[in-house]
Amino acid sequence: MAIVTIPDENRTLEDREAITSYLAGIGIDYERWDSSRPIAPNAPADEVLAAYSSEIQALKTQGGYVTADVIDVNSQTPGLEAMLAKFNREHWHDEDEVRFIIHGRGVFHIRPRQGAVVAIEVEAGDLIRVPRGTWHWFNLCETREIRAIRLFQEPAGWAPNYTETGVDSNYQPLCFGASYLPSEGSMS
Ligand SMILES: [Fe+2]
């Protein structure tokens, strides 16, 4: 389940209904897909796409997406820092950003045209759809890995357009999910 925070209001949403309805209010679609199906987190991309083929097909029909792929990012990814630096500054795309998380964690910050900035920490089983034109930025969590299905209307439209507002530097890319598991060190 995602964790949604509204830093400027000191609010945290962890209830599925509350998250879905709050995000819908700022134009972000959020869904949980059944992640209990028998597929390993490191299964080949074609197996991942096949496992979720019915959901992918439904989204394609709904959003006009024509292609789907699987993106893998981890600490061994060549050019990781340069890749992350492209997306951790406020930007928008001329294409929806649609991600279904297979493995790993990351944080999307969304800055609605009206209202407070929202941080959405996503994990396996979360589907997020950020409509074209939405101001947002993205960071990985501490494990620096994420694996996700992506859907595209037109892959060329996915290049980032930067707002250059610097708003992103006012928000810490904090991840909370992992910190709910006390480490041995913190228990002593
Ligand atoms: Fe983006």
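Residues numbered from 1 in each chain as written. Predicted model: local features only at pLDDT ≥ 70, side-chain atom pairs only at ≥ 80, totals over all residues. Heavy atoms only, no water.

### Things to note about helix 3 (residues 53-63)
Each α-helix turn comprises 3.6 residues. Residues three or four places apart therefore point the same way.
Phase 1 of the analysis: Residues Glu 55, Ile 56, Leu 59 and Gly 63 constitute the buried set of helix 3. On an axial view of helix 3, the arc spanned by its buried residues comes to 100°, and they lie on one face. Facing away from the buried side of helix 3, by more than 90 degrees, are the exposed residues Ser 54 and Thr 61.
Phase 2 of the analysis: Buried-residue contacts for helix 3 involve helix 2 (45-51), strand 4 (67-73), strand 6 (97-104), strand 9 (126-130) and strand 11 (146-152). (Buried < 20%, exposed > 50% of the residue type's maximum accessible area, 1.4 Å probe, protein only. Helix = DSSP H or I, 4+ residues; strand = E, 2+ residues; numbered from the N terminus. Arc of directions from axis to C-beta. Contact = heavy atoms within 4.5 Å.)

### What to know about the confidence of the model for the protein chain
In regions of low pLDDT, the predicted coordinates are not meant to be interpreted in detail.
Phase 1 of the analysis: For the protein chain, per-residue confidence averages 91 on the pLDDT scale, and 93% of positions sit at 70 or higher.
Phase 2 of the analysis: Across residues 180-188, confidence stays below pLDDT 50; counting only partners more than four residues off in sequence or on other chains, it has three contacts. (pLDDT = per-residue confidence, 0-100.)

### Quick word on the coordination of the iron ion
Phase 1 of the analysis: The iron ion binds to the protein through His 91 (NE2), His 93 (NE2), Glu 97 (OE) and His 136 (NE2); the donor distances cover 2.1 to 2.2 Å.
Phase 2 of the analysis: Taken together, the four donor atoms surrounding the iron ion define angles of 83 to 168° at the centre, an arrangement classified as irregular. (Donors = N, O, S within 2.8 Å, 3.2 Å for Na, K, Ca; no water. Tetrahedral: all angles 85-135°; square planar, octahedral: opposite > 155°, others 65-115°.)

### Notes on the pairing of strand 10 (residues 135-140)
Phase 1 of the analysis: In terms of residue burial, strand 10 counts as a mostly covered element, since five of its six residues are buried.
Phase 2 of the analysis: Pairing between strand 7 (residues 106-111) and strand 10: six bridges, direction antiparallel. Residue pairing in the sheet places Ile 110 in a bridge with His 136 of strand 10. (Pairing = 2+ DSSP bridges.)

### Some words on the packing of aromatic side chains
Phase 1 of the analysis: What the rule picks out here adds up to seven aromatic pairs.
Phase 2 of the analysis: Here the aromatic residues Trp 33, Tyr 52 and Phe 100 are joined through ring pairs into a cluster of three or more.
Phase 3 of the analysis: Positioned above the aromatic ring of Tyr 162 is the side chain of Arg 89, whose terminal nitrogen or guanidinium carbon lies 3.9 Å from the ring centre.
Phase 4 of the analysis: One cation-aromatic arrangement involves Arg 113 over Trp 135; the distance from NZ or CZ to the ring centre is 3.5 Å. (Phe/Tyr/Trp six-rings, centres within 6.5 Å; stacked < 30°, edge-to-face > 60°. Lys NZ or Arg CZ within 6 Å of the ring centre and 35° of its normal.)

### Quick word on helix 4 (residues 80-87)
Phase 1 of the analysis: All buried positions along helix 4 are accounted for by Leu 80, Leu 84 and Phe 87. Considered in projection along helix 4, the buried side chains sweep an arc of 65° and stay on one side of the axis. Projecting away from the buried face of helix 4 at angles above 90 degrees are the exposed residues Glu 81 and Ala 82.

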